Amino acid sequence: MDTIVTEKFVGMKNGLPRTAFGQGSQPIDFNNDGLVDFIILNTGGNDTGTSQGYVLVINKGDWQFEVLEDPVLSSIGGLSSNTNGDKFNENSPYGSLVTGDYDKDGFTDVLLCGNGPAGRYTMLLRNVNGDHFEEARVFHPLPFDEELTKKGIYEQLEDTTDPETGADVPGAYIDKPTLKPMQMSHGSVVFIDLDGDSWLDVVVTGYAEARENMGEITGNQIRFYKNLQNGEFQDVTNSPSLIEAASTVLNTYGMTVDGTMADVFRAWGCEEGITLALDFDQDGRTDLMQLGTQGCSWGWGGTRTLKQSNQLRNISDENGFRFEEIPTDITPAAMASCYRFICVDLNGDDYPDYMTNGWTSKVNPATGEAAGWGRFVDLSDNSTVYNTYFFNDESNEVFGGYLAKSEPSVNNFGDFDNDYNMELLTSDYTGSPDNGRNDQQVISWNKTGVEFYAPEEVGEVNVTPEKGRVTVEWEASDMNNGNPAMFNLYIQDKQSGALRMVVPANLETGKQLAYAMFGCYVNTGNEDGAASYVFDKLPVGDYIVGVQAVNYAYQATAWTTTEVSVTESDYVGVSSQSVARGMQVIVNGDAIVVTSASDISVNVYNMQGAEVASGMTNEPITVNGKGVFVVKAGNEAVKVVK
């Protein structure tokens, strides 16, 4: 690789906020306008004079951006008032934020974890009509008497004081769920379709702080939440299929096994590491990858080392989520999610490669000793076999290219010259407030001469309309290595132009507009090549459906399209932002009031499309129950939460 310094920055341009330690930031088409927006981690910090936090940046087109002040994102904070350069999620930013449309309403939602002013958090942020986020408390916990860690997911009474002894008496838990996911930090969050039903399930790993005075165990956990296809999730971590699979791993290493959910925590509770979704063995099913330090809580023991690099091969079936753990050749490095992790195909064989900074006990053949701190590049050998290249921790050089070592620089990748080869990009941020900053963008051009090929185009696409939904089916096409590609889809209303797309891409060329994590794409879910996806909550209308194939270098085919009409639907849809903002809906307990200059009828629907209440504008309408409702008045409609 050849290295070239392309530009020097002082501050930021075009409306983008100044940022430091931005590893883990993610692209998102927040408002479905076809332009790539961003959720940026770690604006501020590193002596910028502002506190750190999440920021939503809207793409206005023509290379101009605008920060959208979102109350929910702002309330989460990031690192309280810290401005001195610490990183998000306790130094584990990569994988702490992912995007996906969990409820299939057409708008991309956000799942994140970390440790902020209010303590550890795992949160699902629902995108409301491309206008703002709201916290979605939609996670049903395990039964009260089966849950090992109730803190944060069951309500508790206030602590009291014993009037006779003056001793503190911890408040007891009560059987009333908070509907939050397990509150964790220092781990990863994952959107992944584990059971092949085209609805995104949720996996969360990290450190859960329990109330030890209530007999709970503080430590690393992993939680599995099944998507119930109604906007809600169910914790299934205690399912027999998961416990059996985890116990098999523990028995292999002579570790503690007790046949409970704690076995799942012991096997896959991940600390200082990355848990991410991709089809590692390319059998058509999305797997979990765990790279880094595994948990050492809940009774460890045995011969398993703390640093791991494993595929959790997805073998889920009708009996529940299930995995087979398979060790890989990828370097198991501590703090992999902190120090500039990269996952993308660099050598054109259609398998993703990995770049990791951190500490490993893996032996460097050149020295015959454990490599320790360093930089590690694992290149696939036209298969799931990987060859490791070791680089000095103090050097900026990797294959002749430049990757920053100094804090708080971030390394990334991209095809900057449209030759289908991935280049390396470093934002090198050095210096100090006393001697001035030296901010530069450094591109290392890919001069390997490797030929990259897009997958085969998708053949015939078949669509089946139902009430308010469309099922899309196609025969999986292959990547150049003969294995199934990943797939991206869109559906567009022919009249209004309203667009839903799994991953942002150009409608004319098919080019991917962002490098989202691979778990966002659709896999076949099976080995027979038959692929399908469901678009749900569609209003009546005529639609264009497109499917394209994508590989691990983010090369994509043109779209294969077809047309379909939805003739029946209870779902009224949601109007554009300008319309939605023009109708004011006031929620006061069980009463909803729609204010309007005219007296017109109002209808209220639940998220299953059934009408639950009706009335007139400017008058209270009683709506029983809690949840998300669609309020329609005339040609206007908005969603509300009560």
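Predicted, not measured: the structure shown is a model, and the values here were computed from it.

(A) Seen up close, the sheet that holds strand β37 (residues 530-535). Pairing in this open sheet of 3 strands is antiparallel, and the strands run β33-β34-β37 from one edge to the other. With partners counted over all chains shown, the strands left at the sheet margins are β33 (461-466) and β37, one partner each. Strand after strand, the sheet turns through a mean of 20° between neighbouring axes, direction not considered.

(B) Here's a closer look at the environment of H132. Position of H132 relative to the elements: it lies in strand β9 (residues 132-135). Residues H132 and V72, spaced 60 residues apart in sequence, show a C-alpha to C-alpha distance of 8.1 Å. Once residues lying within four places of it in the same chain are set aside, the contact partners of H132 are F30, D70, R126 and N127. A distance of 2.8 Å separates a polar atom in the side chain of H132 from a polar atom in the side chain of D131.

(C) How the structure looks around unusual backbone geometry. A positive phi angle is found at N32, which is not glycine, with a value near 55°. Of note in this structure, Q282 is not a glycine but carries a positive phi near 55°.

(D) The arrangement of the packing of helix α3 (residues 240-252) against helix α4 (residues 261-268) in detail. Direction vectors running N to C along α3 and α4 enclose 50°, while the axes themselves pass 8 Å from each other. When the axes of α3 and α4 are compared, the pair comes out oblique. For α3 against α4, the interelement crossing comes out left-handed. Residue-level inspection shows L242, I243, A245, A246, S247, V249 and L250 of α3 in contact with α4, the latter providing M261, D263, V264, R266, A267 and W268. Of the residues assigned to the contact of α3 with α4, the class counts are 10 nonpolar, 1 polar and 2 charged.

(E) Examining α3 more closely. Its 13 residues place the ends of α3 18 Å apart at the C-alpha level, agreeing with the 18 Å of an ideal helix rising 1.5 Å per residue. Considering only its buried residues, α3 is in contact with β18 (219-227), α4 and β23 (323-327). The positive-phi residue at the C-terminal boundary of α3 is G254, with phi of around 65°.

(F) Broad picture of the nonpolar core. L124, L278, Y354, V472, W474 and F487 are the most contacted members of the largest nonpolar core, which has 79 residues in total. Ranked by the residues each element gives to this core, the list is headed by strand β38 (residues 541-550), at 5 residues. With sequence-adjacent residues up to four places away left out, V472 is seen in contact with V461, N462, V463, L489, A531, S532, Y533, F535, V545 and V547. Counting 22 residues, the second-largest nonpolar core is a separate cluster that includes I192, I243, A246 and L250.

(G) Highlighting the packing of aromatic side chains. Scanning the entire structure with this criterion turns up 23 aromatic pairs. Note on Y102 and F233: the rings are 5.7 Å apart at their centroids and 35° apart in plane angle, and the pair reads as tilted. Linking Y102 in the loop between β6 (97-100) and β7 (109-116) with F233 in strand β19 (residues 233-235), this pair joins segments that are 131 residues apart in sequence. F233 matches Y102 in its accessibility class, with the two residues each being buried. Taken together through their ring pairs, the aromatic side chains of Y94, F280, F341, Y354 and Y386 make up a single cluster.

(H) Spatial organisation of the pattern of salt bridges. Enumeration according to the criterion identifies 21 salt bridges in this entry. Between R223 and E147 there is a salt bridge, and its shortest N-O distance comes to 2.7 Å. Residue R223 is located in strand β18, and its partner E147 is located in the loop between β10 (139-140) and β11 (154-156); the two are separated by 76 residues in the primary sequence. Among the residues examined, E147 registers a relative accessible area of 3% and is labelled buried. One continuous salt-bridge network, built from bridges that share partners, spans D103, D105, R126 and E134.

(I) Up close: the side chain of T108. With respect to the helices and strands, the residue T108 is situated in the loop between β6 and β7. If near-sequence neighbours (up to four positions away) are discounted, T108 is found in contact with I28, D29, T99, G100, N127 and F133.

(J) Seen up close, the sheet that holds β38. The strand order across the open sheet formed by 4 strands is β36-β35-β38-β39, and the pairing between neighbours is antiparallel. The two strands at the open ends of the sheet, each matched to only one other strand, are β36 (499-501) and β39 (560-566). Here the average twist between neighbouring strands, direction ignored, is 20°. Where strand β35 (residues 486-493) and β38 come together, 8 bridges link them in antiparallel fashion. The residue of β38 that forms the bridge with I491 is V545.

(K) Up close: the confidence of the model for the protein. Summing up the model confidence of the protein, the mean pLDDT is 84 and the portion of residues at 70 or higher is 86%. Low confidence marks residues 1-11, where pLDDT is under 50. Its contacts with residues over four positions away, or in another chain, come to 37 contacts. Across residues 574-582, confidence stays below pLDDT 50; counting only partners more than four residues off in sequence or on other chains, it has 20 contacts.

(L) Structural context of α4. Extensive coverage of α4 is indicated by the burial of 8 of its 8 residues. Among the residues of α4, M261, A262, D263, V264, F265, R266, A267 and W268 are the ones counted as buried.

Thresholds applied
- Each chain has its residues counted from 1, running along the sequence as written.
- Only residues with pLDDT of at least 70 are given local features in this predicted model, and only at 80 or more are side-chain atom pairs given and counted; all residues enter the totals for whole chains, interfaces and linings.
- In computing side-chain properties, one takes all heavy atoms of the structure into account and sets aside hydrogens as well as water.
- Two strands form a pair only when DSSP identifies at least two bridges running between them.
- Counting from the N terminus, the helices are DSSP H or I runs at least four residues long and the strands are E runs at least two residues long.
- Angular values range over 0 to 180 degrees, each being the angle between N-to-C directions of two axes fitted as lines to C-alpha atoms, with helices fitted over their stretch in contact.
- Contacts are assigned to residue pairs that have any heavy atoms within 4.5 Å of one another.
- Between N or O atoms, a polar contact is any pair within 3.5 Å; within protein, one atom must be a potential hydrogen donor and the other a potential acceptor, and residues adjacent in sequence are included only when both atoms are from side chains.
- Orientation is classified from the angle alone, with under 35 degrees giving roughly parallel, over 145 giving roughly antiparallel, 65 to 115 giving roughly perpendicular, and any other angle giving oblique.
- Should the near helix be turned counterclockwise from the far one by less than a right angle, the crossing is left-handed, whereas a clockwise turn marks it as right-handed.
- The residue classification treats Ala, Val, Leu, Ile, Met, Phe, Trp, Tyr, Cys and Pro as nonpolar and Asp, Glu, Lys and Arg as charged. All others, Gly included, are polar.
- Given a helix with a known number of residues, its expected span is that number minus one, times 1.5 Å.
- Nonpolar cores are built from buried Ala, Val, Leu, Ile, Met, Phe, Trp, Tyr and Cys residues. Side-chain atoms within 4.5 Å join them into one set.
- Each residue gets one of three labels from its accessible area relative to the maximum for its type: buried under 20%, exposed over 50%, partly exposed in between, using a 1.4 Å probe on protein chains only.
- Only Phe, Tyr and Trp rings take part, Trp by its six-membered ring, and two of them pair if their centres are within 6.5 Å. Stacked means planes under 30 degrees apart, edge-to-face means over 60, and tilted covers everything else.
- Just to be clear on terms, a salt bridge is a Lys or Arg side-chain nitrogen sitting within 4 Å of an Asp or Glu carboxyl oxygen.
- What pLDDT expresses is the predictor's confidence in each residue, scored from 0 to 100.

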